[in-house]
Amino acid sequence: MIYDNSNVFAKILRNELPCNKIYESEYSLAFYDISPQATIHALVITKCAYVSFADFSARASEAEIVGYIRDIGEVARLLGVEADGYRLIANHGANANQEVPHLHVHIFAGQKLGSLLSPSQ
Ligand code: AMP
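Predicted model, so just to flag it, every value in this text is computed and none were measured. (Residues numbered from 1 in each chain as written. Predicted model: local features only at pLDDT ≥ 70, side-chain atom pairs only at ≥ 80, totals over all residues. Heavy atoms only, no water.)

So, on to the side chain of Asp33. With respect to the helices and strands, Asp33 occurs in the loop between strand E2 (28-32) and strand E3 (40-46). Buried within the structure, Asp33 lacks any salt-bridge partner; its nearest side chain of opposite charge belongs to Arg87, at an N-O separation of 14 Å. Only 2.8 Å separates the side chain of Asp33 from the backbone nitrogen of Ser35, close enough to count as a polar contact. When residues no more than four places from it in sequence are discounted, the contact partners of Asp33 are His41, Ala42, Leu43 and His106. (Helix = DSSP H or I, 4+ residues; strand = E, 2+ residues; numbered from the N terminus. Buried < 20%, exposed > 50% of the residue type's maximum accessible area, 1.4 Å probe, protein only. Lys, Arg positive; Asp, Glu negative; His and termini not counted. Salt bridge = Lys/Arg side-chain N within 4 Å of Asp/Glu carboxyl O. Polar contact = N/O pair within 3.5 Å; in protein donor to acceptor, adjacent residues only side chain to side chain. Contact = heavy atoms within 4.5 Å.)

This is the structure:
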């Protein structure tokens, strides 16, 4: 997979665009989604250049994978949503409507989230 350095999350990582930051580590940067789809909607992106979960799972080092997964859990704890519950989503490719070609996990929380969307929605 070819990584496009001009995507919006790459620009945020290079400080060319602002973000509403929640957390940052060696492996990840977390910030609020600019167009929230739930009461709490955060994004956790990798520091390194991976197009999607498919790319990350194939190419990332074990340290990056462990660091990123632990960071997602840490962000949920920082958001205070662990007790009431939250939903993680990582879109990959066209069928999932992935808009930004840089790996990110969505954290949805702060409300009852209902059941998952059906495949046709
Ligand atoms: P996806 O469809 O999984 O690629 O989701 C991309 C997400 O990035 C969407 O929920 C957008 O609202 C969000 N987004 C796009 N640009 C920005 C930005 N500059 N800051 C924060 N979130 C953004």
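That covers the picture; the talk isn't over yet.
Turning next to the pairing of E2. Buried residues dominate E2, accounting for 4 of its 5 residues. The pairing of strand E1 (residues 21-24) with E2 spans 3 bridges and is antiparallel. Within E2, the residue paired with Lys21 across the bridge is Phe31. One ladder, built from 5 bridges, connects E2 with E3; its direction is antiparallel. Bridge assignment links Phe31 to a residue of E3, and that residue is Leu43. (Pairing = 2+ DSSP bridges.)

What follows covers unusual backbone geometry. Trans peptide bonds make up the majority, and among non-glycine residues the majority have a negative phi. Look at Asn15: it is not a glycine, yet its phi comes out positive at around 60°. Mapped onto the fold, Asn15 is located in the loop between helix H1 (8-13) and E1. Phi is positive for Asn97, which is not a glycine, with a value near 60°. Tracing the backbone through its elements, the reader meets Asn97 in the loop between strand E4 (86-89) and strand E5 (104-109).

Attention shifts here to the sheet that holds E5. Spatially, the 5 strands line up as an open sheet ordered E1-E2-E3-E5-E4, and their pairing is antiparallel. Every other strand in the sheet has two partners, leaving E1 and E4 as the edge strands with one partner each. Averaged over all adjacent pairs, the angle separating strand axes in this sheet is 20°, with direction ignored. (Axes fitted to C-alpha atoms, helices over the stretch in contact; angles between N-to-C directions.)

Using the criterion set out here, one finds 3 aromatic pairs in the structure. When the ring of Phe9 is compared with that of Phe31, the centres are 5.6 Å apart and the planes differ by 75°; the resulting orientation is edge-to-face. Here the residue Phe9 occupies a position in helix H1, and Phe31 occupies one in strand E2, the gap between them amounting to 22 residues. We note that Phe9, like Phe31, is buried. The interplanar angle of 80° and the centroid separation of 5.2 Å between the aromatic rings of Tyr50 and Phe56 together place this pair among those described as edge-to-face. Here the two residues Tyr50 and Phe56 agree in accessibility, since each one is buried. (Phe/Tyr/Trp six-rings, centres within 6.5 Å; stacked < 30°, edge-to-face > 60°.)

Time to look at the side chain of Ser52. Among the structural elements, Ser52 can be located in the loop between E3 and helix H2 (53-59). A polar atom in the side chain of Ser52 sits 3.2 Å from the backbone nitrogen of Ala54. Setting aside residues no more than four positions away along its own chain, Ser52 makes contact with Met1, His92, Gln98 and Leu103.

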